[in-house]
Amino acid sequence: MIAPPDLGLLDGLERALINHRLHMVYQPKVSLADGGLVRVEALVRWTDPERGAVPPSRFVPLAERYGLIDPLTQWGLRTTLRQWRKWCNDGIDTCIAFNISALSLEQLDFPDLVERMCRALDVPTDRLVLELTEGATQPLIKLMDTLTRFRIKGIGLAIDDFGTGYSTLMQLRQLPFTEVKIDRFFVDDATTSEESRLIVKSIIDLAHGLGLSVTAEGIETTDQLLLLRELGCDVGQGYLIATPLEPHDLNAWQDNFRSRWLTYVGNSPPGSRRDVELDSLS
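Criteria and cut-off values
- Residues numbered from 1 in each chain as written.
- Predicted model: local features only at pLDDT ≥ 70, side-chain atom pairs only at ≥ 80, totals over all residues.
- Heavy atoms only, no water.
- Salt bridge = Lys/Arg side-chain N within 4 Å of Asp/Glu carboxyl O.
- Buried < 20%, exposed > 50% of the residue type's maximum accessible area, 1.4 Å probe, protein only.
- Helix = DSSP H or I, 4+ residues; strand = E, 2+ residues; numbered from the N terminus.
- Contact = heavy atoms within 4.5 Å.
- Pairing = 2+ DSSP bridges.
- Phe/Tyr/Trp six-rings, centres within 6.5 Å; stacked < 30°, edge-to-face > 60°.
- Core = buried A, V, L, I, M, F, W, Y, C linked by side-chain atoms within 4.5 Å.
- Expected span 1.5 Å × (residues − 1).
- Bend = angle between axes of the 7 residues up to and from the residue.
- Axes fitted to C-alpha atoms, helices over the stretch in contact; angles between N-to-C directions.
- Parallel < 35°, antiparallel > 145°, perpendicular 65-115°, else oblique.
- Left-handed = near helix turned anticlockwise from the far one by under 90°.
- Nonpolar A, V, L, I, M, F, W, Y, C, P; charged D, E, K, R; others polar.

Undergrad: What's the story with the pattern of salt bridges in this structure? I'm lost.
TA: A side chain of one charge can pair with a side chain of the opposite charge if their charged atoms are brought near each other. Applying the stated criterion across every chain, the model contains 19 salt bridges. Here Arg51 and Asp48 are joined by a salt bridge, their closest N and O atoms 3.1 Å apart. Judged by its relative accessible area of 6%, Asp48 falls in the buried class. Residues joined by salt bridges that share partners form a network here, namely Lys29, Glu41, Glu131, Asp160, Lys181 and Glu217.

Structure representation (structure tokens):
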């Protein structure tokens, strides 16, 4: 039986899907080597007429529990792929990241569906990265065939929030991921905690040793950006770089960020000793 609070929210979500009341925003990710735009992460947003803004952490689990995750995922993917085509036509060269539920991977034809969407909208599959949370990797080990089919089709796979779940290093080695995302929990105090700094460095070194790229989430200060750059992290994401943007704001953000990047890093090459010394790590 569905609890009354969930019932009302579920009905509202279903109506939002039918009546096109959901929309996507996009958070840029940049290369920590040169500040160039690498990818944008698509994030679904829902503002209900009665409830106001409903966070994804509330409605996505509800969609998973009551059978709406497939239509929500398909709507989000189509919207994001169409937006990529518009950006491409406007001369913006980037890749896109999209979060998917482990439940979607239980459908054997899901990789074929995603490939058909890409083909129909003329989006190269190598421009798409699908992100999955680390907590989902326990059942995902049973879905190796599905994940491998994504890789065969050229679609990237990122493990999100790495370091906070229960997956083993063996699973990381076995699953065909292309990218590791360091959880913001470790990034947040990496400049003040030697333990967090060592964890971040270990994740970066481990991922690179396995041939994976590394993205750091939750970068909010210049010190964090400089430290991650020094440690060899490949890609950065967070409010210092950009908040989630409306699609039409990406071009203006890109122009503005070029000048901001120089104020962050100056002329120092990636991996060099930082000008800012951190007392707790000196």
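Let us keep going from here.
Undergrad: Whenever I open this one, helix H10 (residues 222–230) confuses me. Can you help?
TA: Given 3.6 residues to a turn, an α-helix orients residues that are three or four positions apart in the same direction. Taken residue by residue, H10 has Gln224, Leu225, Leu226, Leu227, Leu228 and Arg229 as its buried positions. In this structure, the buried residues of H10 make contact with helix H8 (184–188), helix H9 (194–209), strand S8 (213–216) and helix H11 (250–265). After H10 finishes, the residue Gly232 shows a positive phi value of roughly 90 degrees.

Undergrad: Sorry if this is basic, but what is going on with the environment of Arg15 here?
TA: Of note, Arg15 is situated in helix H1 (residues 4–18). Given the relative accessible area of 47%, Arg15 is considered partly exposed. Placed 33 residues apart in sequence, Arg15 and Asp48 show a C-alpha to C-alpha distance of 9.7 Å.

Undergrad: How should I be thinking about the pairing of strand S2 (residues 37–48) in this particular structure?
TA: Where a strand is regular, its side chains alternate between the two sheet faces. Within S2, 9 of the 12 residues are buried, which leaves the element mostly enclosed by the surrounding structure. Across 9 bridges, strand S1 (residues 22–31) lies against S2 in antiparallel orientation. Note on S2: the bridge partner recorded for Tyr26 is Ala42. Hairpin geometry of S1 and S2 is characterised by an intervening segment of 5 residues between the two adjacent antiparallel strands and by a positive phi of about 80 degrees at Gly35. Count of turn residues in the S2/strand S3 (residues 52–54) antiparallel hairpin: 3 residues.

Undergrad: For this particular structure, what's the right way to read the packing of aromatic side chains?
TA: Aromatic ring pairs: the centre-centre distance and the angle between the two ring planes describe each pair. Summed over all chains, the structure comprises 7 aromatic pairs. A centroid spacing of 5.2 Å and a plane angle of 85 degrees characterise the contact between Phe185 and Phe186, whose relative ring orientation is edge-to-face. Judged by relative accessible area, which is 8%, Phe186 ranks as buried. Arranged with centres 6.3 Å apart and planes meeting at 55 degrees, the rings of Phe257 and Tyr264 form a pair that is tilted. Residue Phe257 shares its accessibility class with Tyr264, and that shared class is buried. An aromatic cluster of three or more residues is present, and its members are Trp253, Phe257, Trp261 and Tyr264.

Undergrad: Would you mind going over unusual backbone geometry with me for this structure?
TA: Peptide bonds are mostly trans, and most non-glycine residues show a negative phi. With a phi close to 60 degrees, His20 is a non-glycine residue in the positive phi region. Among the residues examined, His20 registers a relative accessible area of 66% and is labelled exposed. One non-glycine residue, Asp122, adopts positive backbone phi at about 60 degrees. Here Asp122 lies in the loop between helix H4 (110–120) and strand S5 (128–133).

Undergrad: What am I meant to see in the pairing of strand S7 (residues 179–182) here?
TA: A two-sided burial pattern is seen for S7, the buried positions comprising Glu179 and Lys181 on one face and Val180 and Ile182 on the other. Here S7 runs beside S8; their pairing, made up of 4 bridges, is parallel. Considered in S8, the bridge of Lys181 is made with Thr215.

Undergrad: Looking at this structure, I do not really get the nonpolar core. What am I missing?
TA: Nonpolar side chains in soluble globular proteins generally cluster together in the buried interior. Core analysis: the largest hydrophobic core is formed by 80 residues, its most contacted members being Leu22, Leu128, Leu225 and Trp253. It is helix H3 (residues 69–89) that contributes the most residues to this core, 7 residues altogether.

Undergrad: What is the right way to read H11 from this model?
TA: Taking 1.5 Å per residue, 16 residues should reach 22 Å; H11 reaches 22 Å between its end C-alpha atoms and fits that length. The sharpest bend along H11 comes to roughly 30 degrees, located at Phe257. Of the residues making up H11, those classed as buried are Leu250, Trp253, Gln254, Phe257, Trp261, Tyr264 and Val265. Of the surrounding elements, those touching the buried residues of H11 are S1, S2, H3 and H10.

Undergrad: When you look at the packing of H3 against H4 in this model, what are you seeing that I'm missing?
TA: Think of two packed helices as two axes; the pair is described by the angle between the axes and how far apart they sit. Interaxial distance between H3 and H4 falls to 10 Å at its minimum, and their mutual angle equals 30 degrees. With respect to H4, the axis of H3 lies roughly parallel. Taken as a pair, H3 and H4 cross one another with a handedness that is right-handed. Contacts between H3 and H4 involve Thr73, Gln74, Leu77, Arg78 and Leu81 from the first element and Phe110, Leu113, Val114, Met117 and Cys118 from the second. Of the residues belonging to the contact of H3 with H4, the class tally is 7 nonpolar, 2 polar and 1 charged.

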